[in-house]
Amino acid sequence: MGTRESNEETSGTGRRALLGAAVLGAGGAVLGMAGTARADSARHGGGHGGVKSLPKPTIIGHRGASGYRPEHTFGSYQLALDLGADIVEAGDLVPTRDGHLVCRHEPEIGGTTDVADHPEFAGRKKTKLLDGVSTTGWFTEDFTLAELKTLRAVERIPANRPHNTLYNGRWEIPTFEEVLRWQDEQTRKRGKQVWIYPELKHPTYFRKQGLPLEERVAKLLGKYRKDRRTSPVILQSFEPTSVQRLHRLVDNPLVVLLSSADSRPWDFVETGDPRTVADLVKPAGLREIASYAQGIGPTLDLVVPRDAQGRLTKPTTLVSDAHRVGLILHPYTMRNENPFLPADFRKGTDPDAYGDVFGAYRAYFATGVDGVFTDQPDTGLLAREDFTG
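Notes on the structure follow. (Residues numbered from 1 in each chain as written. Predicted model: local features only at pLDDT ≥ 70, side-chain atom pairs only at ≥ 80, totals over all residues. Heavy atoms only, no water.)

### Here we look at helix 4 (residues 74–82)
Inference 1: Buried within helix 4 we find Gly75, Ser76, Tyr77, Leu79, Ala80 and Leu81.
Inference 2: The secondary structure elements touched by the buried residues of helix 4 are strand 2 (87–88), strand 4 (101–103), helix 6 (176–190) and helix 16 (377–388).
Inference 3: A positive phi of about 100° marks Gly84, the residue just after helix 4. (Buried < 20%, exposed > 50% of the residue type's maximum accessible area, 1.4 Å probe, protein only. Helix = DSSP H or I, 4+ residues; strand = E, 2+ residues; numbered from the N terminus. Contact = heavy atoms within 4.5 Å.)

As structure tokens, this is what we get:
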């Protein structure tokens, strides 16, 4: 999930429309295209049931089980599966200098690896303009894969998760290809299909550097025969034009991520499109998204806004509006710790203490969302059990 997560920032820290409708059991004219769906499924060999086979609300391990292990490591991914996550967000995808895709929250890796402790890389520290924001640190695109493999992951938000620092230095940076192989291995070992939900990070930024993401992702998915409508790989991006490009390259389920209402996707900024997220979540914007994607990944605040004191207010119409055009909703991000919860669900002021996260889950699940990203998948599963009874 992306850099524009509102609940992080406040703490300082034709085919596609059909699939979306099928997920929701939508009726009317959309389901009248079932023949197209059957033909498409036959062309791609069917499968295990696709997105509609997932439990609801779907519990998605955000960067793995990042509440317990440093994010985007095989330790975090593995634990998410062990805790029962329905899907693992294995891969915020960024490129290396030599064109490999690796899994990091951001291309800047000063906060998620031990690169600062490597004197041989001291000269690589730079200040760059990343989607309009001046950012200083070390960037994946300035390293070869071999160089990145000498680094080790560390906890990104130690003030909130001091217990995770126990695991600093234990795991290396995974590549997307390693994730795809791991997915197959875990599917065999566990006797059930493992799902992943990678995100393409800053695609416009990287395309301008001659490191386009979409084609690289499509090539790897094709290599492992995971570029189909029923493949257990959902792709997501904050940039609608990137999702549209993916729509032309692969048949995977696709999701458009949506940040705060007043923000603009960076590809819109670059192309002069004046629309904001507030425009995209209107019925017309959702209809447009449904023409090339199956779902949206909004911030939780787009589903239930918070007031000036940080308390939950009345839900918006986003869930019903999105469902009306056949889109599923997987909002982000549920976390157990106080600073990330609405004010009415916090307990005390300790930044790493848990609040009433089960109460918060109830409030969000009651809106009818189809799933949620969570840093603690075990908590999400218990909340779902409570909610579904």
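Now, onward.
### Let's talk about the packing of helix 15 (residues 357–365) against helix 16
When two helices pack together, their arrangement is captured by the angle between the axes and the distance separating the axes.
Inference 1: Packing of helix 15 against helix 16 brings their axes to within 10 Å, and their N-to-C directions diverge by 60°. Of the possible angle classes, the one that applies to helix 15 and helix 16 is oblique. Viewed along their axes, helix 15 and helix 16 form a crossing whose handedness is right-handed. Residues Val357, Phe358, Tyr361, Arg362 and Phe365 of helix 15 form the contact with helix 16, whose own contacting residues are Thr379, Gly380, Leu382, Ala383, Arg384, Asp386 and Phe387.
Inference 2: Residue composition of the contact of helix 15 with helix 16, grouped by class: seven nonpolar, two polar and three charged. (Axes fitted to C-alpha atoms, helices over the stretch in contact; angles between N-to-C directions. Parallel < 35°, antiparallel > 145°, perpendicular 65-115°, else oblique. Left-handed = near helix turned anticlockwise from the far one by under 90°. Nonpolar A, V, L, I, M, F, W, Y, C, P; charged D, E, K, R; others polar.)

### Section: the pairing of strand 3 (residues 92–95)
Inference 1: Of the two faces of strand 3, the one holding Asp92 and Val94 and the one holding Leu93 and Pro95 are both buried throughout.
Inference 2: Bridge count between strand 3 and strand 7 (residues 199–200): two bridges; the pairing is parallel. Within strand 7, the residue paired with Leu93 across the bridge is Leu200.
Inference 3: Here strand 3 runs beside strand 4; their pairing, made up of three bridges, is antiparallel. Paired with Pro95 across the two strands is Leu101, which belongs to strand 4.
Inference 4: Hairpin connection between strand 3 and strand 4: a loop of five residues separates the two successive antiparallel strands, and Gly99 in this loop has a positive phi of roughly 90°. (Pairing = 2+ DSSP bridges.)

### What to know about the sheet that holds strand 11 (residues 328–329)
Inference 1: One open sheet holds the seven strands; their spatial order is 4-3-7-8-9-10-11, and the pairing between them is mixed. Every interior strand has two partners, whereas the edge strands, strand 4 and strand 11, have only one.
Inference 2: Taken together, the two bridges between strand 7 and strand 8 (residues 235–237) define a ladder with parallel strand orientation. Looking across to strand 8, one finds that Leu200 is bridged to Ser237.
Inference 3: Running at roughly 90° to strand 4, helix 8 (residues 213–223) makes contact with strand 3, strand 4, strand 7 and strand 8 of the sheet.

### Some details on the pattern of salt bridges
Inference 1: One pass over the full model with this rule turns up 31 salt bridges.
Inference 2: Between Lys149 and Glu178 there is a salt bridge; the shortest N-O distance is 2.9 Å. Here Lys149, found in the loop between helix 5 (145–148) and helix 6, pairs with Glu178, found in helix 6; they are 29 residues apart in sequence, far enough to count as distant. By the burial criterion, Lys149 is buried, and Glu178 matches it. (Salt bridge = Lys/Arg side-chain N within 4 Å of Asp/Glu carboxyl O.)

### Quick word on the packing of aromatic side chains
Inference 1: All chains considered together, the criterion is met by 10 aromatic pairs.
Inference 2: Ring centres of Phe238 and Tyr332 lie 6.0 Å apart, and the angle between their planes is 90°; this geometry places the pair in the edge-to-face category. Here Tyr332 lies in the loop between strand 11 and helix 15 and Phe238 lies in the loop between strand 8 and helix 9 (240–249), a separation of 94 residues in the sequence. The two residues Phe238 and Tyr332 agree in class, both being buried.
Inference 3: Ring geometry for Tyr361 against Phe365: centres 5.5 Å apart, planes inclined by 50°, an arrangement best described as tilted. Taken as a pair, Tyr361 and Phe365 lie in helix 15 at a separation of four residues, close to a single helical turn.
Inference 4: Taken together, the ring pairs in this structure connect Phe74, Tyr77 and Trp182 into an aromatic cluster.
Inference 5: Across the ring face of Phe143, the terminal group of Arg124 is positioned such that the distance to the ring centre comes to 5.0 Å.
Inference 6: Across from the ring centre of Phe340, 4.9 Å away, lies the NZ or CZ of Arg335, which sits over that ring. (Phe/Tyr/Trp six-rings, centres within 6.5 Å; stacked < 30°, edge-to-face > 60°. Lys NZ or Arg CZ within 6 Å of the ring centre and 35° of its normal.)

### Re the side chain of Arg124
Inference 1: By secondary structure assignment, the location of Arg124 is in the loop between strand 4 and strand 5 (126–130).
Inference 2: A polar contact is formed between the side chain of Arg124 and the side chain of Glu147, at a distance of 2.7 Å.
Inference 3: In this view, Arg124 contacts Arg97, Gly137, Trp138, Asp142, Phe143 and Glu147; residues no more than four positions away in its chain are not counted. (Polar contact = N/O pair within 3.5 Å; in protein donor to acceptor, adjacent residues only side chain to side chain.)

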